[in-house]
Amino acid sequence: MEAALNVIGGKWKLTILNRLLTGPKRYGELHRSVKGITEKMLTQQLRELEEDQVIARTIYPVVPPRVEYAFTQSGEKLSDVFKALEIWGSNFQHRINPISGNADHDKSCYVLNEEAQPDQLIHNP
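Calculation criteria
- The residue numbers shown here count from 1 along each chain, following its written sequence.
- Predicted model: local features are reported for residues with pLDDT of at least 70 only, side-chain atom pairs are reported and counted for 80 or more only, and whole-chain, interface and lining totals are derived from all residues.
- Calculation of side-chain values draws on the structure's entire complement of heavy atoms; hydrogens and water are dropped beforehand.
- Pairing between strands is defined by DSSP: at least two bridges between the two strands are required.
- Runs of H or I in DSSP of at least four residues are treated as helices and runs of E of at least two as strands, each being numbered from the N terminus.
- What makes two residues a contact is simply this: any of their non-hydrogen atoms within 4.5 Å.
- To obtain an axis, a line is fitted to C-alpha atoms, over the contacting stretch when the element is a helix, and the angle between two such axes runs from 0 to 180 degrees between their N-to-C directions.
- One side-chain nitrogen of Lys or Arg within 4 Å of one carboxyl oxygen of Asp or Glu is enough to make a salt bridge.
- Three exposure classes are used, based on accessible area relative to the maximum for each residue type with a 1.4 Å probe and protein chains only: buried under 20%, partly exposed in between, and exposed over 50%.
- Polar contacts, as counted here, are pairs of nitrogen or oxygen atoms within 3.5 Å of one another; within protein the pair requires one atom able to donate a hydrogen and one able to accept it, and residues that are adjacent in sequence qualify only if both atoms are side-chain atoms.
- Multiplying 1.5 Å by the residue count of a helix minus one yields the expected span of that helix.
- Along the arc lie the directions from the helix axis toward the C-beta atoms.
- Note on patches: the residues involved have over 30% relative accessible area and no salt bridge, like charges join within 9 Å, and the nonpolar side chains Val, Leu, Ile, Met, Phe, Trp and Tyr join within 5 Å.
- In these tables, accessible area is a Shrake-Rupley quantity obtained with a 1.4 Å probe, and a residue counts as shielded only by the protein chains included in the view.

Enquirer: Give me the lowdown on the sheet that holds strand β1 (residues 25-26), citing residues and values where you can.
Expert: Ordered in space as β1-β3-β2, the three strands form an open sheet in which the pairing is antiparallel. Each end of this open sheet is capped by a strand with a single partner; those strands are β1 and β2 (55-60). Sheet topology note: the β1/strand β3 (residues 66-71) ladder contains two bridges and is antiparallel. Each bridged residue has a counterpart across the sheet, and for arginine 26 the counterpart in β3 is glutamate 68. The strands touched by helix α2 (residues 13-20) within the sheet are β1, β2 and β3, with β3 carrying the most contacts at an inclination of about 100°.

Dropping the structure here:
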């Protein structure tokens, strides 16, 4: 568990990875969608995730250069972890604040993708 947290822990990495669940993203898309992150911090976090082989950086030979970030095969397996964390967090939040009116605390924005692989989760915001 410690090794996993070393890879995905920190203030920004889960947010960045959550944005990539819907598919490859360009740098600018990620920067606009992660509110409050500086360009320097985004670049650093993307490099660390790439070094850990969670995401891959693809450079397309066009002018101007086009770069996309996407999950590696290994990184895609994190979707199960994200679903578990989301459900746990929702249940925890409901426990500490039961008056929130959130009757859907066991529901998730992740759904099973039956077309691709039986146990693969896809993000369904």
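Enquirer: Could you give an account of the pattern of salt bridges, naming the residues involved and the relevant values?
Expert: Counted by the stated rule, this structure contains two salt bridges. Put simply, lysine 13 and glutamate 48 hold a salt bridge, and the shortest N to O gap is 2.8 Å. With lysine 13 in helix α2 and glutamate 48 in helix α4 (residues 39-51), this pair connects stretches of sequence that are 35 residues apart. Residue class for lysine 13 comes out buried when judged on its relative accessible area of 4%. Residue glutamate 48 is classed as partly exposed on the basis of its relative accessible area, which comes to 27%. Where glutamate 68 meets arginine 66, a salt bridge forms, and the shortest distance between an N and an O atom there is 2.8 Å. A residue is classified by how much of its surface remains accessible, and arginine 66, at 29% relative accessible area, is partly exposed.

Enquirer: Can you break down the environment of glutamate 29 residue by residue, with the values?
Expert: Assignment of secondary structure puts glutamate 29 in helix α3 (residues 27-33). Separated by 39 residues in the primary sequence, glutamate 29 and glutamate 68 place their C-alpha atoms 9.6 Å from one another. Within the structure, the side chain of glutamate 29 is placed 2.8 Å from the backbone nitrogen of arginine 26, a separation counted as a polar contact.

Enquirer: Residue-level account of helix α6 (residues 78-96), with values.
Expert: End to end, α6 covers 27 Å across 19 residues, agreeing with the expected 27 Å (1.5 Å per residue, within 8%). Turning to α6, its buried residues are Leu78, Ser79, Phe82 and Ser90. Along the axis of α6, the buried residues cluster in a sector spanning 115°; they form a single face. Facing away from the buried side of α6 by more than 90 degrees, the exposed set consists of Trp88, Arg95 and Ile96.

Enquirer: Give me the lowdown on a nonpolar patch on the surface, citing residues and values where you can.
Expert: On the surface, a cluster of nonpolar side chains totalling about 210 Å² of accessible area is made up of Leu14, Val81 and Leu85. Residue position: valine 81 is located in helix α6. Given the relative accessible area of 34%, valine 81 is considered partly exposed.

Enquirer: Describe unusual backbone geometry, and please don't skip the residues or the numbers.
Expert: The residue after valine 63, namely proline 64, is reached through a cis peptide bond having omega -5°. Positive phi outside glycine occurs at glutamine 53, with the angle close to 60°. With respect to the helices, strands and loops of the structure, glutamine 53 is situated in the loop between α4 and β2. In this structure glutamine 53 comes out as exposed when scored by relative accessible area, which is 56%.

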